[in-house]
Amino acid sequence: MFYLNTLYTLPGCGICQMIKTKLQQKNIPFIEKDFIEIAEIIHSDHAPALQVEEEGDTAIYNAPSQIVAWINKYGA
């Protein structure tokens, strides 16, 4: 199973840092980009957002509870 994950964050965002730490703790590969790159696409001004590409499908999670739920089920 191949995952390409992009975490969109803002500088100084505590929730963004918490999500980044959780991804690192679970050894989930991701790249980090500026939230501004996706804000207009998801029509949100709230960071973070996690874009996940799994087996050809793309999902974007932009609520911390959704992101944490995805992290918790990763590899389960």
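Nothing here was measured: the structure is a model prediction, and the numbers come from that model.

Focus on the packing of helix α1 (residues 14-25) against helix α3 (residues 64-73)
The description of two helices packed together rests on the angle between their axes and the distance between the axes. Packing of α1 against α3 leaves a shortest axis separation of 10 Å and a crossing angle of 5 degrees. Between α1 and α3, the interaxial angle falls into the category roughly parallel. Across the interface between the two elements, Ile-15, Met-18, Ile-19, Lys-22 and Leu-23 from α1 touch Pro-64, Ile-67, Val-68, Trp-70 and Ile-71 from α3.

Quick word on the nonpolar core
Membership of the largest hydrophobic core is limited to twelve residues, which are Leu-7, Ile-19, Leu-23, Ile-28, Leu-50, Val-52, Tyr-61, Ile-67, Val-68, Trp-70, Ile-71 and Tyr-74. Every element with two or more residues in this core is listed here: α1, β3 (49-54) and α3. Ranked by size, the runner-up nonpolar core spans nine residues in total, among them Cys-13, Ile-38, Ile-42 and Ala-49.

Focus on the packing of aromatic side chains
A ring pair, where both rings are aromatic, is described by two values, the distance of the centres and the angle of the planes. Counted by the stated rule, this structure contains one aromatic pair. Note on Trp-70 and Tyr-74: the rings are 5.3 Å apart at their centroids and 55 degrees apart in plane angle, and the pair reads as tilted. Trp-70 sits in the buried class, given a relative accessible area of 3%.

With respect to the environment of Phe-35
Structurally, Phe-35 can be placed in the loop between β2 (31-34) and α2 (36-42). Each C-alpha atom, one on Phe-35 and one on Ala-47, is 6.5 Å from the other, the two residues being twelve residues apart in sequence. Here Phe-35 is in contact with Tyr-8, Thr-9, Leu-10, Ile-42, Ser-44, Asp-45, His-46, Ala-47, Pro-48 and Ala-49, once residues within four sequence places are set aside.

A short note on the pattern of salt bridges
Using the criterion set out here, one finds one salt bridge in the structure. In this structure, the salt-bridge partner of Glu-32 is Lys-20, at a minimum N-O distance of 3.1 Å. Within this pair, whereas Glu-32 is found in strand β2, its partner Lys-20 is found in helix α1, the two being separated by twelve residues in sequence. Residue classification places Glu-32 among the partly exposed positions, given a relative accessible area of 40%.

Parameters at a glance
Residues numbered from 1 in each chain as written. Predicted model: local features only at pLDDT ≥ 70, side-chain atom pairs only at ≥ 80, totals over all residues. Heavy atoms only, no water. Axes fitted to C-alpha atoms, helices over the stretch in contact; angles between N-to-C directions. Helix = DSSP H or I, 4+ residues; strand = E, 2+ residues; numbered from the N terminus. Parallel < 35°, antiparallel > 145°, perpendicular 65-115°, else oblique. Contact = heavy atoms within 4.5 Å. Core = buried A, V, L, I, M, F, W, Y, C linked by side-chain atoms within 4.5 Å. Buried < 20%, exposed > 50% of the residue type's maximum accessible area, 1.4 Å probe, protein only. Phe/Tyr/Trp six-rings, centres within 6.5 Å; stacked < 30°, edge-to-face > 60°. Salt bridge = Lys/Arg side-chain N within 4 Å of Asp/Glu carboxyl O.

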